[in-house]
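Listed here are the chains, written in short residue letters.
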Amino acid sequence: MSDIKNPDFKTAEDKSLFDIEYELGKLPNSPGVYIMHSSTGAILYVGKAVNLHNRVRQYFRSGHGHNNSPKIIKMVSQVAYFEYIITSSELEALVLECNLIKEHRPKYNTLMTDDKGYPYIRVTVEEPYPRVFMVHQMHRDKSKYFGPYTDKSAVKDIVGLLRKLYKLRRCNKKLPEQAMKDRPCLYYQIGECSGPCNLLISEEEYKENVRKAMDFLGGDYKETINSLTEEMKQYASSLDFEKAAKTRDLIESIRHIMDKQRISDVDGDDKDIIALSKNATDSMISVFFVRSGQLIGRENHHMSGDMTEADDQIIAEFIKQFYSGTPYVPKEILTEYVIPEDTLIEDYLTEISGHKVKLTRPQKGEKVKLLQLAKENASLVLSQDIERIKRKEKRTIGATMEIAEILGIEKASRMEAFDISNISGYLSVASMVVFENGEPRKNAYRKFRLRTVTGPDDYASMKEVLSRRFTDDKLGTLPDVLMMDGGKGQVNVAEAVLNSLGLEIPVCGMVKDDNHRTRGLYYKDQEVLFKRGSEAMHMITALQDETHRFAIEYHKTLRSKEQVHSLLDDIPGIGPKRRKVLMQHFKDLDAIRNASTEELAQVPDLPENAAAAVYDFFHKDDNI
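Residues numbered from 1 in each chain as written. Predicted model: local features only at pLDDT ≥ 70, side-chain atom pairs only at ≥ 80, totals over all residues. Heavy atoms only, no water.

Caption draft 1: Quick peek at the packing of helix α16 (residues 458–471) against helix α17 (residues 488–500). At their nearest, the axes of α16 and α17 sit 9 Å apart, and the two run at 35° to each other. Along this stretch, α16 crosses α17, giving a crossing that reads as right-handed. The segment α16 lies against α17, with D458, Y459, M462, K463, L466, S467 and F470 engaging G489, Q490, V493, A494, V497 and L498. For the contact of α16 with α17, the class distribution of residues is 8 nonpolar, 3 polar and 2 charged. (Axes fitted to C-alpha atoms, helices over the stretch in contact; angles between N-to-C directions. Helix = DSSP H or I, 4+ residues; strand = E, 2+ residues; numbered from the N terminus. Left-handed = near helix turned anticlockwise from the far one by under 90°. Contact = heavy atoms within 4.5 Å. Nonpolar A, V, L, I, M, F, W, Y, C, P; charged D, E, K, R; others polar.)

Here you go:
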């Protein structure tokens, strides 16, 4: 088990480091989430398990029913390695699975890509007469949210029950402003609504009913269960077995969902949970990220150094290093120890984050449970995967240290690389790719479309791009070293831009040989060669390839958009909305070009005159 960030396999030898059969034997008998990766590091599939040991092994064993699926067979054939996160319950595994799928969009999770995710129950406590209903997302408003839940049908039953028991309104009227405009609805007539739409109940009495409903959602539901149980017995004694069975199922739905429910308050603070595990030679720290009441993921970090150092001191050093390099610091950080100089560290974190940060050692409740879960993860990683993590560190952090040593600079933790892409100067674009600690940091990538340069002038283009990058305050952190996709000329351009801005950043050119393979770096007017097969060489090759790929991808996107624009937006009467419906209906431009007037007239929301304009545009030269 390792960090969710993808290891970077670069050679066949690297890929063989993960022995699937051996790793299957180490799987714990615990609930959790598993992540299947391809040889390139792409996430193929994310799933949850009540028992990770049993579930994950099934994928690689013949004779199991789910392996008969062609999709699963194809997916398993592409799996190069897997990782997993243990959780305290199946519910937490489900919620974490959903969050990971929404973030990574794995190729083979075709049934788990619904943006709605798991449902919540929303109580609009900000209204004079609050409503209770199911929603699929939380919003930063004043409402109270309960969830997420994993059983949509059970949530519907619970909402219906609460409305019936406490006579809560179902309408969307703005009360009391819109009260007394219509007679009470049918639900009032059958005794399932208290009639707030006609002010038949006071605001205070209605809110007391809402409070009881919220107590129910908060876990105080025994009285309701007892009441329904008596109702079920009465139905049974009167031989109304259908209603008795329905009431029994409702009781089971309540027990199922309420025993496992979690409460999320939109005003609650985000938290990080940090736990340590160590042995005689290594230590491992697990960080769990809780956002808006949900466990959304975790990272594991290997700490090297003197293992005789006190545990609280190791965590203190980790906190200072970790949060100095992260874009977000939560308001609360939970640890199992009182951290040395905790007040000083809190002041430091408060300063860099812009809000008050508190270090807490929880003593009881859910926070202690989360802390224990993080510690179990750290122990598991340390006992089972430390050697593989060390190999990964050699390929990533070790490679950056090797590059820094070769160049004679302090560090190369953050490298930024730039490339220009155009076709004879047409649609010139540039890419900025960022590697941090030897791994791509894709949320820091940037695309640039050239504004001032026309024609195929790569030097002028690079001057514009670098000037924009280093004068844009939003781009923030400066690199330790700048990597240019080119030789002396590109390096000179970059150095001139940096000098004009008063910045001292080492600049290197990534040099390729005659076979277009990276062979070294151009630095300080000389070429620095790598040892063949070194980690530094692999790292620079990966950086150069990624920079080129990102630029080409952006250029292709723009070319595609430009093509659509030139052929559709130039037609009189066709704007963005009509262009969209045309493309949705015909799928491609050739189909639109070849469509008859009758076929064009069948396009939804496309007026007859617009359809005629499209036909005339593509056939205006037919009779010439």
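Caption draft 2: Examining the sheet that holds strand β1 (residues 32–37) more closely. Spatial strand order, β2-β1-β3: 3 strands in an open sheet with antiparallel pairing. Whereas interior strands pair on both sides, the edge strands pair on one side only; in this sheet they are β2 (43–49) and β3 (81–86). The mean inter-strand angle of the sheet, taken between neighbouring strand axes irrespective of direction, is 20°. Direction of pairing for β1 relative to β3: antiparallel, over a ladder of 6 bridges. Directly across from M36, in β3, lies its bridge partner F82. (Pairing = 2+ DSSP bridges.)

Caption draft 3: Local environment of helix α22 (residues 608–619). Between its first and last C-alpha, α22 extends 17 Å over 12 residues, near the 16 Å set by a 1.5 Å rise per residue. Restricting attention to buried positions, one finds in α22 the residues A610, A611, A613, V614 and F618. Summarising the axial view, the buried residues of α22 lie within an arc of 160°, below the 170-degree limit, and thus occupy one face. Along α22, exposed side chains directed more than 90 degrees from the buried face belong to E608 and N609. (Expected span 1.5 Å × (residues − 1). Buried < 20%, exposed > 50% of the residue type's maximum accessible area, 1.4 Å probe, protein only. Arc of directions from axis to C-beta.)

Caption draft 4: Quick look at the state of the cysteines. Enumeration according to the criterion identifies 0 disulfides in this entry. Considering cysteine sulfurs only, C197 is the nearest to C171, which forms no disulfide, with 5.6 Å between them. Judged by its relative accessible area of 26%, C171 falls in the partly exposed class. (Disulfide = S-S within 2.5 Å.)

Caption draft 5: Examining the pattern of salt bridges more closely. All chains considered together, the criterion is met by 24 salt bridges. Salt-bridge contacts for D215 lead to R211; the nearest nitrogen and oxygen are separated by 2.5 Å. Within this pair, D215 and its partner R211 are both found in helix α8 (residues 203–217), separated by 4 residues, close to a single helical turn. A relative accessible area of 31% places D215 in the partly exposed class. What makes R211 partly exposed here is its relative accessible area of 39%. With its nearest N and O atoms 2.7 Å apart, the salt bridge here joins E527 to R519. A residue is classified by how much of its surface remains accessible, and R519, at 33% relative accessible area, is partly exposed. Three or more residues joined by partner-sharing salt bridges are found here, namely R414, E416, E436, R441 and R469. (Salt bridge = Lys/Arg side-chain N within 4 Å of Asp/Glu carboxyl O.)

Caption draft 6: Layout of a nonpolar patch on the surface. Taken together, the side chains of L186, Y187 and I190 make up a nonpolar region of the molecular surface, amounting to roughly 320 Å² of accessible area. Secondary-structure assignment places Y187 in helix α7 (residues 186–189). Exposure remark for Y187: the relative accessible area of 37% places this residue in the partly exposed category. (Patch = residues over 30% accessible without salt bridge, like charges linked within 9 Å, V, L, I, M, F, W, Y side chains within 5 Å. Areas by Shrake-Rupley, 256 points an atom, 1.4 Å probe, with all protein chains shown as cover.)

Caption draft 7: The packing of aromatic side chains, seen in detail. Per the stated rule, a full pass over the model turns up 8 aromatic pairs. Considering the side-chain rings of Y129 and Y206, the 5.3 Å spacing of their centres and the 65° angle between planes classify their relative orientation as edge-to-face. Taken together, the residues span a long stretch of sequence, with Y129 in the loop between β4 (120–123) and β5 (132–135) and Y206 in helix α8 at a distance of 77 residues. Residues Y129 and Y206 agree in their burial class; the two are buried. Seen from their ring centres, Y445 and F550 are 5.0 Å apart, and the 65° between their planes marks the pair as edge-to-face. Highlighted residues: Y445 in the loop between β15 (439–440) and β16 (446–449) and F550 in helix α18 (residues 535–569), separated in sequence by 105 residues. Given a relative accessible area of 7%, Y445 falls into the buried group. Ring pairs connect the aromatic residues Y34, Y45 and Y59, which therefore count as one cluster. Looking at R170, its charged tip hangs above the ring of Y187, at a distance of 3.9 Å from the centre. (Phe/Tyr/Trp six-rings, centres within 6.5 Å; stacked < 30°, edge-to-face > 60°. Lys NZ or Arg CZ within 6 Å of the ring centre and 35° of its normal.)

Caption draft 8: Here's a closer look at the packing of helix α6 (residues 152–166) against α8. Interaxial distance between α6 and α8 falls to 10 Å at its minimum, and their mutual angle equals 145°. Every pair of crossing elements has a handedness; the one defined by α6 and α8 is right-handed. Across the interface between the two elements, I158, L161, L162 and Y166 from α6 touch N209, K212, A213, F216 and L217 from α8.

Caption draft 9: Spotlight on the side chain of R163. Inspection of the secondary structure assignment puts R163 in helix α6. Buried within the structure, R163 lacks any salt-bridge partner; E192 is the closest side chain of opposite charge, at an N-O distance of 8.9 Å. Contact partners of R163, with chain neighbours within four places excluded, come to V132, F133, L168, R169, R170 and E192. (Lys, Arg positive; Asp, Glu negative; His and termini not counted.)

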